[in-house]
Amino acid sequence: MNPVEPEDNRLPEGIAAIHGSGLPVVLVHGNGVDHRILLALDEQLARPGNLQRIYVDLPGFGGTPALAGKSGLPEIADWLQNLLVSQLGTQAFVLIGNSLGGLLAQEMADRFESQILGLVLLAPVIRPAAEERNLPARSIIHEDEVLLAELGTVNAGHYAQMSVLQTRANWEQFEKHVLPGVLSADLRVMAHLSKRYYLETLPVDRDQVWNMPVLIACGMQDHIVGFKDAKELLKRYPNASFLELERAGHNVHIDQPEILAQALEHWMQLLQPETRKNL
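What counts and what doesn't
Residues numbered from 1 in each chain as written. Predicted model: local features only at pLDDT ≥ 70, side-chain atom pairs only at ≥ 80, totals over all residues. Heavy atoms only, no water. Pairing = 2+ DSSP bridges. Helix = DSSP H or I, 4+ residues; strand = E, 2+ residues; numbered from the N terminus. Axes fitted to C-alpha atoms, helices over the stretch in contact; angles between N-to-C directions. Salt bridge = Lys/Arg side-chain N within 4 Å of Asp/Glu carboxyl O. Buried < 20%, exposed > 50% of the residue type's maximum accessible area, 1.4 Å probe, protein only. Parallel < 35°, antiparallel > 145°, perpendicular 65-115°, else oblique. Contact = heavy atoms within 4.5 Å. Nonpolar A, V, L, I, M, F, W, Y, C, P; charged D, E, K, R; others polar. Arc of directions from axis to C-beta.

### Section: the sheet that holds strand E6 (residues 214–219)
- Here we have seven strands laid out as an open sheet, ordered E1-E3-E2-E4-E5-E6-E7, and mixed in their pairing. Where the open sheet ends on each side, the last strands, each with one partner, are strand E1 (15–19) and strand E7 (241–245). Strand-to-strand twist across the sheet, computed as the mean angle between neighbouring axes with direction ignored, equals 15°.
- Here E1 runs beside strand E3 (residues 51–56); their pairing, made up of four bridges, is antiparallel.

### Structural notes on the pattern of salt bridges
- For the structure shown, the criterion picks out 14 salt bridges.
- Salt-bridge contacts for Asp-78 lead to Arg-111; the nearest nitrogen and oxygen are separated by 2.9 Å. Note that Asp-78 is positioned in helix H2 (residues 73–88) and Arg-111 in helix H3 (residues 100–111), a separation of 33 residues in sequence.
- Residue class for Arg-111 comes out partly exposed when judged on its relative accessible area of 28%.
- The network of salt bridges with common partners includes Asp-78, Glu-107, Asp-110, Arg-111, Arg-206 and Arg-236.

### Quick look at the packing of helix H5 (residues 153–162) against helix H6 (residues 168–184)
- Two elements in contact, H5 and H6, have axes separated by 11 Å at closest approach and are oriented at 105°. In terms of their interaxial angle, H5 and H6 are classed as roughly perpendicular. Contacts between H5 and H6 involve Val-154, Asn-155, His-158, Tyr-159 and Met-162 from the former and Asn-170, Trp-171, Phe-174, Leu-179, Val-182 and Leu-183 from the latter.
- For the contact of H5 with H6, the per-class residue count stands at eight nonpolar, three polar and no charged.

### A look at the side chain of Arg-53
- For Arg-53, the position within the fold is in strand E3.
- On the basis of relative accessibility, which here comes to 7%, the residue Arg-53 falls in the buried class.
- In contact with Arg-53, other than residues within four places in its own chain, are Ala-17, Ile-18, His-19, Gly-20, Val-25, Leu-27, Asp-42, Leu-45 and Ala-46.

### Thoughts on unusual backbone geometry
- A positive phi is found at Ser-99, a non-glycine position, where the angle reads about 60°.
- Along the chain, Ser-99 falls in the loop between strand E4 (93–98) and H3.
- The class for Ser-99 is buried, based on a relative accessible area of 9%.
- Here the phi dihedral of Ala-123 falls at roughly 45°; this positive angle occurs in a residue that is not glycine.
- Since its relative accessible area comes to 0%, Ala-123 is described here as buried.

### As for the pairing of E3
- Here E3 lies mainly inside the structure; six of its six residues are buried.
- The sheet contact formed by strand E2 (residues 23–28) and E3 spans six bridges and is parallel. For Leu-23, the partnering residue across the bridge sits in E3 and is Leu-51.

### Notes on the environment of Gln-262
- Tracing the chain through its elements places Gln-262 in helix H9 (residues 257–271).
- Along the chain, Gln-262 and Asp-205 lie 57 residues apart, while their C-alpha atoms are 30 Å from each other.

### Some details on the environment of Glu-246
- One can find Glu-246 in the loop between E7 and helix H8 (252–255).
- Considering only alpha carbons, one finds Glu-246 and Gln-256, ten residues apart in sequence, at a separation of 8.5 Å.
- Excluding residues within four positions of it along the chain, Glu-246 makes contact with Met-220, Gln-221 and Gln-256.

### Notes on H5
- By the burial criterion, the buried members of H5 are Ala-156, Tyr-159 and Met-162. Seen from one end, H5 has its buried residues packed into an arc of 145°, which puts them on one side. Across from the buried face of H5, at angles greater than 90 degrees, the exposed residues are Thr-153, Val-154 and Gln-161.
- On its buried side, H5 packs onto helix H4 (145–151) and H6.

Without other data, these values stay purely geometric and don't point to any function.
Structure follows, in structure tokens:
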């Protein structure tokens, strides 16, 4: 499959798109997709008018080439750190991470502790090893066999694997934001990553405590990373807003956009300069 071209070919490698200006908001996607899964948030993030959204394509996904040599999680974390240094220098910024991107966001927050002003973690990976995860049984809240039959074998397979609410509106969001990254993902990169899917010390097991604005949102039907493990993050982020969303799976922001939008609005208010002064 051909890689996706960056939306602006003048952008540095690894940066898929930059929208707006102001406080940098770096968005990091998960495994097997690309930055487009987080573009679903862009319209809302644009509303304050002072947030610059920087969308990352991790190595091997979207328009970013795979890493040479070892390409496990430690190497991807170092790659992301170098990208942030080259792109932002010593600027303050915030991070939004989804799934694997949520784990990387936790890691980058610790590496850039003096620069990070806030975090959003959407269905974040807490423990990379699948056998260490506390997962609910796979369940589908609403199944639509007629819709699946219309999608064709490939599309229906990808959608059925992840969907919790099989509705036409949900499929349209999946088709727009999730499916393109799934279809363009480098399977060899994913295989290499699975062999080195660890960090020497996981962020959840560290002692530092951060009081910055944090939003954690998990789907209660998320059979990929679950929702119970994310509660462990509250010892590190004691002031976090923690959402356990019913009728939502791993694509929590696609499944429950209205509820997440309300929580994201509150989080963005906490980022505003006049609010930060009083924190």
